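Okay, here's what each chain looks like letter by letter:
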Amino acid sequence: LNSNGTLSDVTVSTLENVGEVSLDQMLRDFEISAKQVVVNPAQDVLATSKLVVAVTLVINGVARDIEIPIGFKPSIA
């Protein structure tokens, strides 16, 4: 922590990297299509004893039902 209770740049970077690496497997497994991990460096962790890590995920859409209409014609023109 910095002397004012906020997070140092190194700590913020480390925490964000840990979060990103943890979500990389979800990207590889196509469970999500994008991710973002943000730690606000202005948090006063010393005063609040609380650390907030904002994680944003973009989900992949899933087609649960697929419908294929089939039609017959004498020719394709």
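Scroll up to find the structure.
Since the structure is predicted, the reported quantities are computational estimates derived from the model, not experimental observations.

A. Focus on the environment of F30. As for its placement among the helices and strands, F30 is situated in the loop between helix 1 (9-28) and strand 1 (32-39). For F30, a relative accessible area of 66% puts it in the exposed group. C-alpha of F30 to C-alpha of A63: the two residues are 33 residues apart in sequence and 14 Å apart in space.

B. Structural detail: the pattern of salt bridges. In the structure shown here, the tally under the stated rule is two salt bridges. When the shortest N-O distance is used, the salt bridge between K35 and E20 registers 2.4 Å. In this pair, K35 is assigned in strand 1 and E20 in helix 1, connecting sequence segments 15 residues apart. On the basis of relative accessible area, E20 is assigned to the partly exposed category, the value being 21%. Between K35 and D24 there is a salt bridge; the shortest N-O distance is 3.1 Å. Taken as a pair, K35 in strand 1 and D24 in helix 1 lie far apart in primary sequence, eleven residues in all. Among the ionic contacts, a cluster of salt bridges with common partners joins E20, D24 and K35.

About the thresholds
- Residues numbered from 1 in each chain as written.
- Predicted model: local features only at pLDDT ≥ 70, side-chain atom pairs only at ≥ 80, totals over all residues.
- Heavy atoms only, no water.
- Helix = DSSP H or I, 4+ residues; strand = E, 2+ residues; numbered from the N terminus.
- Buried < 20%, exposed > 50% of the residue type's maximum accessible area, 1.4 Å probe, protein only.
- Salt bridge = Lys/Arg side-chain N within 4 Å of Asp/Glu carboxyl O.

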